[in-house]
Amino acid sequence: GSQDPYALRRAALGVVNIILNSKLQLSTLQIVRDSIEQFAADGILKRSKEEVEKDVMEFIKARVINVLVEKGLRKDVVEAVVAAGYENTAETASKAELLEKMASTDEFKKLVTLIKRVRNISKDYSEGEVNEALLKESAEKDLYSFYKELSVKNSQFITENQYGKVFEAIVAGTSVINSFFDNIMVMDKDESVKTNRVSLLKKLDKVFNEVAVISMISE
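Cut-offs used in this document
Residues numbered from 1 in each chain as written. Predicted model: local features only at pLDDT ≥ 70, side-chain atom pairs only at ≥ 80, totals over all residues. Heavy atoms only, no water. Helix = DSSP H or I, 4+ residues; strand = E, 2+ residues; numbered from the N terminus. Buried < 20%, exposed > 50% of the residue type's maximum accessible area, 1.4 Å probe, protein only. Contact = heavy atoms within 4.5 Å. Areas by Shrake-Rupley, 256 points an atom, 1.4 Å probe, with all protein chains shown as cover. Phe/Tyr/Trp six-rings, centres within 6.5 Å; stacked < 30°, edge-to-face > 60°. Lys NZ or Arg CZ within 6 Å of the ring centre and 35° of its normal. Expected span 1.5 Å × (residues − 1). Polar contact = N/O pair within 3.5 Å; in protein donor to acceptor, adjacent residues only side chain to side chain.

Draft legend 1. Region of the structure containing the overall build of the protein. On a plain count of helices and strands, the protein comes out with 10 helices and zero strands. Reading the protein from its N terminus to its C terminus gives the helix and strand order α-α-α-α-α-α-α-α-α-α. Counting across all 219 residues of the protein, residues that qualify as buried make up 41%. Restricting to contacts in the protein with at least 6 residues of sequence separation, those with at least 24 account for 74%. Here the protein has roughly 12,300 Å² of accessible surface; of this, 49% comes from carbon and sulfur atoms.

Given below as C-alpha cells:
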C-alpha cells in the first residue's frame, strides 16, 4: 500500500478487466497518449511525454499479464504475445488463447526448438537483403520460398485478425526449416554466402515474431 498510495494497480486492473469483459476493441496506447496530451495542455505534466508514456504502458503491461495469467493462461504464452505488442488488450487475450492451444501440440513444441535456433544464430547480426543468386542449395531455396510465402500470408492474416492462421502458417514450415538445418552450413567459409544465409534467418525470425515472440515459449 505504501508503494501505491493512489491505488493505481487496482485502477489499472479495473481498466484491463472492463476491456476484456466487454471485448472492447481499442488501443490503450492511444488512450494514454490522449490523456498525456490533456495533462500537458493543462500544464500539470511534470516529465516529458515520452517518459510518462513509457512508464504508464509498462505499468499497464504488467496488469495485462497478471489478469490473463489469473484467467488460467500459461505465463510463457502470455508474455510471448505481450512481447510482440499489447496495445489492444482484447486482441492480446485472443492471441494468447489461440497460441496456448497451438503450444500444447507436439508439432508446435518441435517448431519452438527450431525457431529458437533461428533466433540464436541470427540475433547478433543486422538484417540485410537476401541475394537469390547466392542461394545454391535446394534446402535454402525452399526456405527462402517459404519465407516469402509466409510474409504475404502473415500480412493478410494479421490485417484480418486471423491470428490462428498465422500460427498454422508458421507450423506448416516445420519440415522446410528442419531440412535447412539438416543440409545447410549457415556459417559458410564464403563470407558472402554466410551473410546471405544469416540474412534469410534474420528475416524469418522477424516474421515468426509478428504476433508473438514464439522463442519465449517453453519447450
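Draft legend 2. Quick peek at unusual backbone geometry. Backbone geometry places A7, a non-glycine residue, at a positive phi of 55°. Its location among the elements puts A7 in the segment before α1 (8–22). For A7, a relative accessible area of 33% corresponds to the partly exposed category.

Draft legend 3. Inspection of the packing of aromatic side chains at higher detail. Under the counting rule described, the total for this entry stands at two aromatic pairs. With a centroid separation of 6.2 Å and an interplanar angle of 25°, the aromatic rings of Y144 and Y147 are classed as stacked. Remark: Y147 and Y144 occur in helix α7 (residues 138–159); sequence separation between them is three residues, near one turn of the helix. The pair Y144 / Y147 is uniform in exposure class, with both members buried. Across from the ring centre of F59, 4.5 Å away, lies the NZ or CZ of R63, which sits over that ring. Sitting above the plane of the F181 ring, R117 keeps its charged end 4.2 Å from the centroid.

Draft legend 4. Geometry of helix α5 (residues 89–103). Between its first and last C-alpha, α5 extends 21 Å over 15 residues, near the 21 Å set by a 1.5 Å rise per residue. The buried fraction of α5 amounts to 11 of the 15 residues, a majority that puts the element mostly inside the structure. Where α5 is buried, its residues touch α1, α2 (28–41), α3 (49–70), α4 (75–83), α6 (106–122) and α8 (163–171). Structurally, the start of α5 carries an N-cap: the backbone nitrogen of A90 is 3.2 Å from a side-chain oxygen of N88.

Draft legend 5. How the structure looks around the side chain of S199. Mapped onto the elements, S199 comes out in helix α10 (residues 191–208). For S199, the contacting residues outside a window of four places in its chain are G128, E129 and V130.

Draft legend 6. Region of the structure containing the environment of T195. Inspection of the secondary structure puts T195 in helix α10. Among the residues examined, T195 registers a relative accessible area of 41% and is labelled partly exposed. When the C-alpha positions of T195 and E219 are compared, they lie 29 Å apart, and in sequence the two are 24 residues distant. In this structure the side chain of T195 is engaged in a polar contact, spanning 2.8 Å, whose partner is the backbone oxygen of E191.

Function cannot be read off these values alone, since they describe shape.
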